[in-house]
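Geometric and topological summary
Each chain is listed here by its residues.
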Amino acid sequence: RSVVRGSRKSETIFNKDRLSRVVAAVLLGNIPGTILAASVAERFGRVMAIRAAAIVFTAAVPFICLSGGAYWPMLAGRILQGVGCGLVAIAGPMYLAECLPAESRGKGTGMFQLVLVIGLFVASIVGMGVAAFFGDASSSSVSPVAKNIAWQSIFWFSAVPGAALVAASFFLRESPRWLARRGRRAEACAALRIDYHEAEAARHLAAIEVSLGGDGTVNAPAAGTVWQRRYLAPFALAFLIAVFVQASGINSVLNYSVTIFDRAGLPGVWANGADAAIKAANFLMTIVACALVDRKGRKFLLMLGSAGLVLGLGAVGAVFWSMDAFGLAPSPATGVITLAAFILFVSSFAVGPGVCVHLALSELIPTRIRATGMLVCVMASMSVSYAIARAFLPWAEACGYQGVFFTLGGAMVLFFLVVAYAVPETKGRTLEEIERHFQGKEQK
């Protein structure tokens, strides 16, 4: 938000209403980006979808920076950035899951979440550096020219990783599973030989072709919808995981953490320090999760994470309930307890759902419907996230923060039960073996 503050309020984006729209424009752009991702990934390949995401995101940067702060060009540029983010949110995990060997697929796909967390951390460092160099955007001592250079420099910096991804995409191999679906058998086998010797690559290709219901001669996407009976069980599980992950309220809790800490008894600089602490916990525990996901398994981490979410959300709710029930005033003690509960909450999310959600979607949804199925799941996830974010403050005002956190904790109890009793362990299994697991249950 510090990016867009500062000059000619009547003509540019810099007023509260327009500022909020520009900040939220990325989320708006995610919707068409996510929809477009499934089509591009299926028709042109996973690598092309990743490349398109990087190109769109990078191209939006000069569009924004050269706008001079004018509202409509800035809004359009931010929407374009959201389109790029929506594209890669589908294509990235799908590509990783389809290309990586079973024994390292968890760690490799988990890196997608780790990179996101690192990006948030780097962005905060860049913002702090720009603020330190140019001064506080709200200060009258900083000239309008300096303010414009400040926010533009932050956007120009964001073009660097985007351009790097565009260049790197030309060195990526295509997904062997996508190649097999398009009837490009020789290319699929060559892609598999990067990870396996000749005989093993041929065996994996044969398994892929069997799962596609063909013999490698198909030259168009295989038919199949998420509503076919054979796909319904794995798709339903992936859908529930995607929805429950956002039902934890993770995005809203992080967005409103400073406000919550202030209400709990950590005002001002202490609230901002607490916010930094939970983001550090998120980063560290994501690293831990990437190290554990191929050793302990997805089901174990999801159960551990969802149980921790129940405890963390319940503890925060209990703090606010006790203050209301016993007439306690917010104090440093209640604030520190809330911070400890938040660290448990964020750490549990990072070690379980944070790393495993993209992995679960790409592993559970069969190859024939992976792009469409992930599109539906991600759209549902985004809808739940938006609904909670939109209702969070009015909800807290009407029911108290204890009502919000107890409700979210109750949803996590359901999440734990779904994982414990319905989600299979996929560690060490190929995507085709996971698909056969559900087909075997259907036949029984």
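What counts, and at which threshold
- Residues numbered from 1 in each chain as written.
- Predicted model: local features only at pLDDT ≥ 70, side-chain atom pairs only at ≥ 80, totals over all residues.
- Heavy atoms only, no water.
- Salt bridge = Lys/Arg side-chain N within 4 Å of Asp/Glu carboxyl O.
- Helix = DSSP H or I, 4+ residues; strand = E, 2+ residues; numbered from the N terminus.
- Buried < 20%, exposed > 50% of the residue type's maximum accessible area, 1.4 Å probe, protein only.
- Patch = residues over 30% accessible without salt bridge, like charges linked within 9 Å, V, L, I, M, F, W, Y side chains within 5 Å.
- Areas by Shrake-Rupley, 256 points an atom, 1.4 Å probe, with all protein chains shown as cover.
- Lys, Arg positive; Asp, Glu negative; His and termini not counted.
- Charge placed at Lys NZ, Arg CZ, Asp CG, Glu CD.
- Phe/Tyr/Trp six-rings, centres within 6.5 Å; stacked < 30°, edge-to-face > 60°.
- Lys NZ or Arg CZ within 6 Å of the ring centre and 35° of its normal.
- Axes fitted to C-alpha atoms, helices over the stretch in contact; angles between N-to-C directions.
- Parallel < 35°, antiparallel > 145°, perpendicular 65-115°, else oblique.
- Left-handed = near helix turned anticlockwise from the far one by under 90°.
- Contact = heavy atoms within 4.5 Å.
- Nonpolar A, V, L, I, M, F, W, Y, C, P; charged D, E, K, R; others polar.
- Core = buried A, V, L, I, M, F, W, Y, C linked by side-chain atoms within 4.5 Å.
- Expected span 1.5 Å × (residues − 1).
- Bend = angle between axes of the 7 residues up to and from the residue.
- Disulfide = S-S within 2.5 Å.
- pLDDT = per-residue confidence, 0-100.

So, on to the pattern of salt bridges. Applying the stated criterion across every chain, the model contains 14 salt bridges. A salt bridge links Arg370 to Glu98, with the shortest nitrogen-to-oxygen separation between them at 2.8 Å. Taken together, the residues Arg370 in helix H15 (residues 370-422) and Glu98 in helix H3 (residues 71-99) connect sequence positions 272 residues apart. You'll find Arg370 and Glu98 in the same group, each marked buried. The partner of Glu187 in a salt bridge is Arg184, and the shortest N-O contact between them spans 2.9 Å. Residues joined in a network through salt bridges with shared partners are Glu42, Arg46, Glu98, Arg181 and Arg370.

Before going further, it helps to spend a moment on a positive patch on the surface. A cluster of basic residues, Lys107, Arg295, Lys296 and Lys427, forms a positive patch at the surface. Inspection of the secondary structure assignment puts Lys107 in helix H4 (residues 105-134). Overall, the relative accessible area of 45% leaves Lys107 in the partly exposed class.

Using the criterion set out here, one finds 11 aromatic pairs in the structure. Here the aromatic rings of Trp151 and Phe155 are separated by 6.0 Å at their centres, their planes lie at 85°, and the arrangement is edge-to-face. Here Trp151 and its partner Phe155 are both found in helix H5 (residues 144-169), 4 residues apart, which amounts to about one turn of the helix. The class for Trp151 is buried, based on a relative accessible area of 1%. By relative accessible area, Phe155 is classed as buried at 5%. Within the aromatic cluster, the residues linked to one another by ring pairs are Tyr256, Phe261, Phe320, Phe342, Phe392, Tyr401 and Phe405. Sitting over the ring of Phe170, Arg51 keeps its end group 4.0 Å from the ring centre.

With their axes 9 Å apart at the nearest point, helix H11 (residues 257-264) and helix H12 (residues 268-296) run at an angle of 125° to one another. Viewed along their axes, H11 and H12 adopt a mutual orientation that is oblique. With respect to the hand of their crossing, H11 and H12 are arranged in right-handed fashion. Each of Ser257, Val258, Phe261 and Asp262 in H11 lies in contact with H12, whose residues at this interface are Gly268, Ala271, Asn272, Ala274, Asp275 and Ile278. A breakdown of the residues in the contact of H11 with H12 according to their chemical character gives 5 nonpolar, 3 polar and 2 charged.

A few words now on the nonpolar core. Core analysis: the largest hydrophobic core is formed by 83 residues, its most contacted members being Ile241, Phe261, Phe342, Phe405, Met412 and Phe415. Considering each element in turn, this core owes the most residues, 17 residues, to H15. If we ignore the near neighbours within four places in the chain, the residues touching Ile241 are Val357, Ala360, Leu364, Phe415 and Val423. With 12 residues, the next largest nonpolar core counts Trp178, Cys189, Leu192 and Leu205 among its residues.

Moving on, we come to a nonpolar patch on the surface. A surface patch of nonpolar side chains, about 560 Å² in accessible area, is lined by Ile118, Phe121, Val122, Ile125, Met128 and Phe157. At 5 residues, the largest contribution of residues to the nonpolar patch is made by H4. By the element assignment, Phe157 lies in helix H5.

Attention now moves to helix H9 (residues 229-247). With 19 residues, H9 extends 27 Å between its outermost C-alpha atoms, agreeing within 8% with the 27 Å of an ideal straight helix rising 1.5 Å per residue. Backbone geometry just downstream of H9 places Gly249 in the positive-phi region, at approximately 80°.

Topologically, Ala167 is positioned in helix H5. Taking the C-alpha atoms as reference, Ala167 lies 8.5 Å from Arg51; in sequence the two are 116 residues apart.

Here Gln113 is to be found in helix H4. Excluding residues within four positions of it along the chain, Gln113 makes contact with Thr286, Gly354, Val355 and His358.

Right, let's talk about the environment of Ala233 for a bit. You can see Ala233 is positioned in helix H9. Residue classification places Ala233 among the partly exposed positions, given a relative accessible area of 43%. With 206 residues separating them in the primary sequence, Ala233 and Gln439 have C-alpha atoms 9.2 Å apart.

The next subject is the packing of H9 against H15. For the pair H9 and H15, interaxial distance at closest approach is 3 Å and the crossing angle is 25°. Viewed along their axes, H9 and H15 adopt a mutual orientation that is roughly parallel. Classifying every residue of the contact of H9 with H15 gives 23 nonpolar, 4 polar and no charged.

What follows concerns H15. Here H15 contains 53 residues, and its C-alpha end-to-end distance of 20 Å is more than 12% below the 78 Å for a straight helix at 1.5 Å per residue. Of all the bends in H15, the greatest measures close to 115° and is centred on Cys399.

Another point: the state of the cysteines. Summed over all chains, the structure comprises 0 disulfides. Residue Cys65 stays outside any disulfide, its sulfur separated by 15 Å from that of Cys85, the closest cysteine.

One rule of thumb: low pLDDT means the predicted coordinates there are not for detailed reading. Of the residues in the protein, 91% reach a pLDDT of 70 or more, and the chain-wide mean stands at 85. Across residues 1-13 the pLDDT falls below 50, and counting only partners more than four positions away or on other chains, this stretch makes 35 contacts in the model. Confidence drops under a pLDDT of 50 for residues 215-223, and excluding neighbours within four residues, the segment shows 22 contacts in the predicted structure.

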